[in-house]
Amino acid sequence: MIKKLLEWARTRSPWVVHFNSGSCNGCDIEIVAALTPRFDVERFGIVLKGSPRHADVMLVTGPVNHHSAERLKKVYDQMPSPKFVIAIGSCACSGCVFRGCYNNLQGADAVVPVDVYIPGCAPRPDAIIGGVVKLIKKIQGAK
């Protein structure tokens, strides 16, 4: 009974923390736009948290380089289990225009396991919401 209640709560109210690994802020602006009343992600129970210790989902934006990879892993490790990661934007998904540069890794999945990819430069707020809904369906299917 308690297990079903926890699963229900996890899918009805995903709390997210945002990790910017050095992006151009295009994806960050779109995340903020998704939080506004126009798009209203709170209807899905999504709440932006300032601490990774209270979050279920990490939103990663920007190209992950060697300097930010250590911090990304540290923030990921601070999240309670089960934890999920969404890579937002082409930089976080694959490295984008920075792919192959000497200081960049090839996306966030080189450091942490990514559950959902939202490509685009920068993806629109409705695409971000669609990615979060896709993650919620994935969590519900992983029962």
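Each remark here, short or long, concerns the structure printed above.
Reading the values: rules and limits
- Residues numbered from 1 in each chain as written.
- Predicted model: local features only at pLDDT ≥ 70, side-chain atom pairs only at ≥ 80, totals over all residues.
- Heavy atoms only, no water.
- Helix = DSSP H or I, 4+ residues; strand = E, 2+ residues; numbered from the N terminus.
- Buried < 20%, exposed > 50% of the residue type's maximum accessible area, 1.4 Å probe, protein only.
- Pairing = 2+ DSSP bridges.
- Right-handed = clockwise from strand over helix to strand, strands pointing away.
- 1 Å grid on protein atoms, 1.4 Å probe; cavity = no way out; pocket = protein on both sides within 12 Å on 5 of 7 lines; lining within 4 Å.
- Points joined across faces, edges and corners; volume = space filled by probe spheres on them.
- Nonpolar A, V, L, I, M, F, W, Y, C, P; charged D, E, K, R; others polar.
- Expected span 1.5 Å × (residues − 1).
- Arc of directions from axis to C-beta.
- Contact = heavy atoms within 4.5 Å.
- Polar contact = N/O pair within 3.5 Å; in protein donor to acceptor, adjacent residues only side chain to side chain.

Novice: Before we move on, could you go through the environment of Gly50 and cite the residues and values that matter?
Specialist: By secondary structure assignment, the location of Gly50 is in the loop between strand S2 (47-48) and strand S3 (57-61). For Gly50, a relative accessible area of 76% translates into the label exposed. Through-space distance from the C-alpha of Gly50 to that of His18 is 8.0 Å; in sequence the pair is 32 residues apart.

Novice: So what about the pairing of S3? Which residues, and what values?
Specialist: Within S3, 5 of the 5 residues are buried, which leaves it mostly tucked inside the rest of the structure. Burial along S3 is two-sided: Val57, Leu59 and Thr61 facing one way and Met58 and Val60 facing the other are all buried. Pairing of strand S1 (residues 15-20) with S3, which is carried by 5 bridges, proceeds in the parallel orientation. Directly across from His18, in S3, lies its bridge partner Leu59. Pairing of S3 with strand S4 (residues 84-88), which is carried by 5 bridges, proceeds in the parallel orientation. Residue Leu59 lies in a different strand from S4, and its bridge partner there is Ile86. Once the chain exits S3 it traverses helix H3 (residues 66-78) before rejoining the sheet at S4, and the crossover so formed is right-handed.

Novice: An account of empty space enclosed by the protein is requested, with residue identities and associated values reported.
Specialist: Evaluation of the coordinates by the stated rule reveals 1 cavity of 30 Å³ or more. Its boundaries defined by the atoms lining it, the largest cavity holds a volume of some 100 Å³. Contributions of two or more residues to the lining of the largest cavity are made by helix H2 (26-34) and helix H5 (125-141). Considering every element that reaches the lining of the largest cavity, the biggest residue donor is H5, with 3 residues. A breakdown of the residues in the lining of the largest cavity according to their chemical character gives 11 nonpolar, no polar and no charged.

Novice: Run through H3, naming residues and quoting values.
Specialist: Between its terminal C-alpha atoms H3 stretches 19 Å, which fits the 18 Å expected from 13 residues at 1.5 Å a residue. Along H3, the residues classified as buried are Ser68, Ala69, Leu72, Val75 and Tyr76. Take H3 and look down its axis: the buried residues cluster within an arc of 135°, on one side only. Of the exposed residues in H3, those oriented more than 90 degrees away from the buried face are His67 and Glu70. On the buried face of H3, the contacting elements are S1, S3 and S4. Of the residues that open H3, the one with a side-chain oxygen 3.1 Å from the backbone nitrogen of His67 is Asn65.

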